[in-house]
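So you can see what is in the structure, the chains are spelled out below.
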Amino acid sequence: GAGVSQSPSNKVTEKGKDVELRCDPISGHTALYWYRQRLGQGLEFLIYFQGNSAPDKSGLPSDRFSAERTGESVSTLTIQRTQQEDSAVYLCASSRDGRYFYGYTFGSGTRLTVV
Amino acid sequence: KNEVEQSPQNLTAQEGEFITINCSYSVGISALHWLQQHPGGGIVSLFMLSSGKKKHGRLIATINIQEKHSSLHITASHPRDSAVYICAVHGSSNTGKLIFGQGTTLQVKP
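These remarks concern the structure in this document. Keep in mind that this is a model prediction, so the values were computed, not measured.

As for the sheet that holds strand β8 (residues 69-74) of chain B
The strands making up a sheet associate through backbone hydrogen bonding, with each pair oriented either parallel or antiparallel.
Residues and elements named next belong to chain B.
Phase 1 of the analysis: With antiparallel pairing, five strands are arranged side by side in an open sheet as β1-β3-β8-β7-β6. Each edge of the sheet is formed by a strand with only one pairing partner; in this case those strands are β1 (4-7) and β6 (52-56). The mean inter-strand angle of the sheet, taken between neighbouring strand axes irrespective of direction, is 15 degrees.
Phase 2 of the analysis: Across six bridges, the pairing between strand β3 (residues 19-25) and β8 is antiparallel. When the sheet's bridge partners are listed, S24 is paired in β8 with H69.

What follows is the structure, encoded as structure tokens:
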């Protein structure tokens, strides 16, 4: 597609429920990143996929968070047993192959509210 | 201490003023990015720098690799420049992930 697409754009969920957030990267971009931005705070790295390599999961805050990517296309970020501190904007970005000189394109984010 | 520090955290300016936002980092980098985030969350990449200076319209970005410092300048500021400006670095380990500063919230008043 023309840009990075994320869905849903907004999600309100009850504490304890599981949620799935979706990211469609730009076609042909092998690198895909998930970031989180909690209210009033900076962006935090969550996970990075590059082609068929093992993902860099070093930013996932707990084992309630997991992400998958099918080949070089769609990625899903899953949060199990959501907590109020999970409320944030979850941003996805993609890049041609992860090397810095190709730059990044960000999606518009999913605003998650846990009540 | 954060690996990427921005200053100031908040900035209010009058329309037409020259604005400077600073970014210092403590890690080795391949490149530094300046990003703009408008209310509603969308992020736009303004510049990617690995050396020197870049200019786009009223925006100028500079980087000093030796001093591990970058600045973003906005000339003839306008209320539509009001946004959060974020400095982010791509580490030299080439893992692909960005390390972000906390952002500078800019408000330009008419």
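Still more ground to cover, so stick around.
Brief notes about the pairing of strand β7 (residues 75-79) of chain A
Regular strands place their side chains on alternate faces of the sheet.
Residues and elements named next belong to chain A.
Phase 1 of the analysis: Counting buried positions along β7 yields four of five residues, so the element is predominantly enclosed.
Phase 2 of the analysis: Strand direction decides the pairing type here: strand β3 (residues 19-24) and β7, joined by five bridges, are antiparallel. Bridge assignment links V19 to a residue of β7, and that residue is I79.
Phase 3 of the analysis: Connecting strand β6 (residues 65-69) to the antiparallel partner β7 that follows it, the hairpin turn spans five residues, and G71 within it adopts a positive phi of roughly 60 degrees.

Calculation notes
Per chain, the residues get numbers from 1 upward, laid out in the order the sequence is written. Going through the entries in the order they are written, you letter the chains from A and number the ligands from 1. Where totals are concerned, whole chains, interfaces and linings use all residues; where local detail is concerned, this predicted model gives features only for residues with pLDDT of at least 70, and gives and counts side-chain atom pairs only at 80 or more. The basis for every side-chain value is the complete set of non-hydrogen atoms in the structure, without hydrogens or water. DSSP-based pairing: two strands are paired if at least 2 bridges between them are found. Per the convention used, a helix needs a DSSP run of H or I reaching at least four residues, while a strand needs a run of E reaching at least two, with both numbered from the N terminus. Axis definition: a line fit to C-alpha positions, over the contact stretch in the case of helices; interaxial angles, taken between N-to-C directions, run 0 to 180 degrees. Working definition: with a 1.4 Å probe on protein chains only, accessible area under 20% of the residue-type maximum means buried, over 50% means exposed, and in between means partly exposed.

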